[in-house]
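# Examining the three-dimensional arrangement
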Amino acid sequence: MHNNFTRHLYLKNKIHLIIFTIFAFISGCKNDRILSNQLIQIDSLINDKTDSILIILEDLKHIDIFDNYNRAYYNLLYIEAQDKNGQSIINYDSLLNDAIDKLSPQTDKYLLAKALFYKGQIWEELNEPTEVAMYYHKAIGLANEIKDNNLLARIFIELGNLYIAQELFTDALDAFQKGYFHSNKSNNDYNTFISLRNMGVAHLLTDQLDSAFTYFNNSYEYAKKTSDSTELINSINNDLAIYYHENKQYKEALSYLQNVSEMNEKHCLTKGDLFLETKQYDSAYHYLSLSERSDNILVQINSWHSLHKLKEIQGDFKEANYYLNKFIDGYDSVMVATQTSEIHTINQKYNIKNAIAKLERQHTNRIISLIILIVLLTLATTIIYITLDRKKKVRQKIQEQEILKKENELLEKEIEISNLLNQIAETKNTILKLTYTNNKAASDNTMVQKENTLVELRNKVEILRSKLIIDKPLYKKITKLAQQTESNDAKVLNPSEREELKNIIKFVYADLIEDLQSSCPSLTEEDILFCCLAKLNLSMFAISICTGYSQTSPSRQRKFRIKKKMVEETDNLTLYNSLFNA
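Residues numbered from 1 in each chain as written. Predicted model: local features only at pLDDT ≥ 70, side-chain atom pairs only at ≥ 80, totals over all residues. Heavy atoms only, no water.

This brings us to the overall build of the protein chain. Within the protein chain one finds 27 helices and 0 strands. Evaluated residue by residue, the protein chain yields a buried proportion of 40% over its 582 residues. At a minimum sequence separation of 6, the contacts of the protein chain that also span at least 24 residues come to 59%. With the model as given, the accessible surface of the protein chain reaches about 33900 Å², and the carbon-plus-sulfur share is 52%. (Helix = DSSP H or I, 4+ residues; strand = E, 2+ residues; numbered from the N terminus. Buried < 20%, exposed > 50% of the residue type's maximum accessible area, 1.4 Å probe, protein only. Contact = heavy atoms within 4.5 Å. Areas by Shrake-Rupley, 256 points an atom, 1.4 Å probe, with all protein chains shown as cover.)

What follows is the structure, encoded as structure tokens:
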């Protein structure tokens, strides 16, 4: 009873709306402005009361409207109402042409933009993608001028779908992103959903599966906010099933299809393909047979292709050949309409044209503002430059002082090392003299003191030498590289860095190098460098990195050869022990 009462109230309201509108039209014929206002009222209701509006427009179809603008407006509203009711508008091409002829950018950019958009829709039904692209771009140009975000969102979504069909995926993503931007600006949840969902499809078609999954998930939230939420959520579940299918996660894909509350032919195609992949051939045939009944040629083509594969697997080659021929015929019919290069050219042409038109539409005040902005920017840039230059000079002065300070510290260390080396030489001479003194008891006591002094001096020299090297940036890099795990892929010093290290070693350890060359002539230059690095207490891995090796085995072999040369050839075990802390 409650339902009957609601239905009665709905019909009563609809009748009142029809009577009111008819009255408005009849009285409006006496005044074009009043008529225009009535058409604007109908236009504002067309999205929410599509069925009622179509009935009203049908009833008013034969009323004489002598004003060209109002006639064009009426024709356009009638075509839009048909489209929103899911009817083909291809039979209303003459009405649309009449509306386009009667409208101009000077009379009404909004209506002309909408008319051009629907003209593109008709060309789409006629499978003429080049014409579709041209009319959509013309409509975008006008809609941009009036900043109609709702219309722009819808056009960009349709344009993106056109690009998808032509396999222009980059252009499609760009169009969908613009559709998403304008949908957000107009707070249209349905268009936002479509834009996000179609971006997911574009990424799916280009094997960018992670991005596709993200967009599908994001679109799900907007689907729940729309009046058609059930249908939209079903389509998202289908998309996610395709995503998991592409990832070969068939169990997850089937679970999403189970969430589809009402299966259509497209969902049946997805389910049939999944059962085909999982070798459930009876179920696959059942769903693919359902999907091939679709009115959508693309769903039919994909169904025939899958049925061909299924019958081929089952060994039914007659049926397989039958479906293959159907697939080829269908595919050829679709490919006739593929004009990828022409459409891409049109897209580029209109992008350039729109960019130029946008610049040409700039007002004189904007140019003046731009000049003022340039002056302000120039002034700000000058101030910033002066400030930065001043700071730069201060930084340079501080850096120069720091460099000078470091150079002085290095010089002091070098002088200190030189003085210590002189003291070592004097101590050695003293020890030598004490060796030949007559007072053996006194000389032994003094010799012990001098030898202790000699050890202390040598330790001081080693500390200073280490500091000279440790302060270098190259040493910091060596210690950082030494933290790696020993492997064939470990990073080592490059040739220029090794040459730099060699020069530092030659400078810091000049006396040690001279001693090694004189005491053990068979040592090579690389052997001597190895010995100096050992004096720095570097690990075997760090020494390997310094000599260009990523593993320690070559360094261990070199150490063994050095020991052989020192101990077996020249009997310098003490020297070897002092170098390698043996």
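That was the structure; now back to the text.
Running from N to C, helix α14 (residues 265-277) and helix α16 (residues 297-313) cross one another at 25°; their axes reach a closest spacing of 10 Å. Comparing their axes, α16 and α14 come out roughly parallel. The handedness of the crossing between α14 and α16 comes out as left-handed. Touching E265, K266, L269, D273 and L276 of α14 are V299, N302, S303, S306, K309, L310 and I313, all from α16. Looking at the contact of α14 with α16 residue by residue, the class counts come to 5 nonpolar, 3 polar and 4 charged. (Axes fitted to C-alpha atoms, helices over the stretch in contact; angles between N-to-C directions. Parallel < 35°, antiparallel > 145°, perpendicular 65-115°, else oblique. Left-handed = near helix turned anticlockwise from the far one by under 90°. Nonpolar A, V, L, I, M, F, W, Y, C, P; charged D, E, K, R; others polar.)

Glancing now at the packing of aromatic side chains. Counted by the stated rule, this structure contains 13 aromatic pairs. Look at F117 and Y136: their rings are 5.6 Å apart centre to centre, the planes differ by 25°, and that puts the pair in the stacked class. In this pair, F117 is assigned in helix α6 (residues 109-125) and Y136 in helix α7 (residues 129-146), connecting sequence segments 19 residues apart. Sitting over the face of the ring of Y135, K138 holds its NZ or CZ atom 5.0 Å from the ring centroid. Here the guanidinium or amino end of K225 rests over the ring plane of Y222, the centre of that ring lying 4.7 Å away. (Phe/Tyr/Trp six-rings, centres within 6.5 Å; stacked < 30°, edge-to-face > 60°. Lys NZ or Arg CZ within 6 Å of the ring centre and 35° of its normal.)

Now for the environment of E252. Positionally, E252 belongs in helix α13 (residues 250-258). Under the relative-accessibility criterion, E252 is labelled partly exposed at 32%. Distance in space between the C-alpha atoms of E252 and L240 is 9.0 Å, their sequence separation being 12 residues.

If the charged atoms of two oppositely charged side chains come close together, the side chains can form a pair. Tallied over the entire structure, the rule returns 13 salt bridges. One salt bridge in this structure joins D174 and K178, with 3.2 Å as the shortest N-O distance. Of this pair, D174 and K178 both sit in helix α9 (residues 169-185), 4 residues apart, which is roughly one turn of the helix. The class of K178 is partly exposed, set by a relative accessible area of 31%. Residue K506 pairs with E525 through a salt bridge whose shortest N-O separation is 3.2 Å. With K506 in helix α22 (residues 495-508) and E525 in helix α24 (residues 525-535), the pair connects residues that are 19 residues apart, well separated along the chain. Through salt bridges with shared partners, one network takes in D527, R558 and K565. (Salt bridge = Lys/Arg side-chain N within 4 Å of Asp/Glu carboxyl O.)

With that out of the way, let us pick up the nonpolar core. Counting residues in hydrophobic clusters, the biggest one holds 91 residues, and the most contacted among them are L57 and L96. At 9 residues, the largest contribution of residues to this core is made by helix α8 (residues 149-165). Beyond its immediate stretch of four places on either side in the chain, L96 contacts L76, I79, A115, Y118, K119 and I122. Membership of the second largest hydrophobic core comes to 38 residues, among which are L481, A490, L536 and I545. (Core = buried A, V, L, I, M, F, W, Y, C linked by side-chain atoms within 4.5 Å.)

As a further point, take the packing of helix α12 (residues 229-246) against α13. Contact geometry of α12 with α13 gives a least axis separation of 8 Å together with a crossing angle of 170°. When the axes of α12 and α13 are compared, the pair comes out roughly antiparallel. The residues of α13 that touch α12, namely those facing N237, N238, L240, A241, Y244 and H245, are Y250, E252, A253, Y256 and L257. Classifying every residue of the contact of α12 with α13 gives 7 nonpolar, 3 polar and 1 charged.

Another aspect to go through is the confidence of the model for the protein chain. For the protein chain, mean pLDDT is 79; residues scoring 70 or higher make up 79% of the total. In this model, residues 22-30 is a region of pLDDT below 50 whose contacts with residues beyond four sequence positions or in other chains number 13 contacts. (pLDDT = per-residue confidence, 0-100.)

Turning our eyes to something else, we now look at the side chain of S544. Take S544: it is sitting in helix α25 (residues 540-546). Setting aside chain neighbours within four positions, we find S544 in contact with Y549, Q551, T552 and S555.

This paragraph deals with the state of the cysteines. Each disulfide consists of a covalent bond between the sulfur atoms of two cysteine residues. On inspection of all chains with the given rule, the structure shows 0 disulfides. Distance from the sulfur of C531, which forms no disulfide, to the nearest cysteine sulfur (C532) is 6.8 Å. For C532, a relative accessible area of 0% puts it in the buried group. (Disulfide = S-S within 2.5 Å.)

Position of L573 among the secondary structure elements: in helix α27 (residues 573-580). When the C-alpha positions of L573 and K563 are compared, they lie 7.9 Å apart, and in sequence the two are 10 residues distant.

Nonpolar side chains collect at one region of the surface, where L370, L373, I374 and L377 lie side by side and expose about 370 Å² of accessible area between them. Tracing the chain through its elements places L373 in helix α19 (residues 364-435). When its relative accessible area of 43% is taken as the criterion, L373 is described as partly exposed. (Patch = residues over 30% accessible without salt bridge, like charges linked within 9 Å, V, L, I, M, F, W, Y side chains within 5 Å.)

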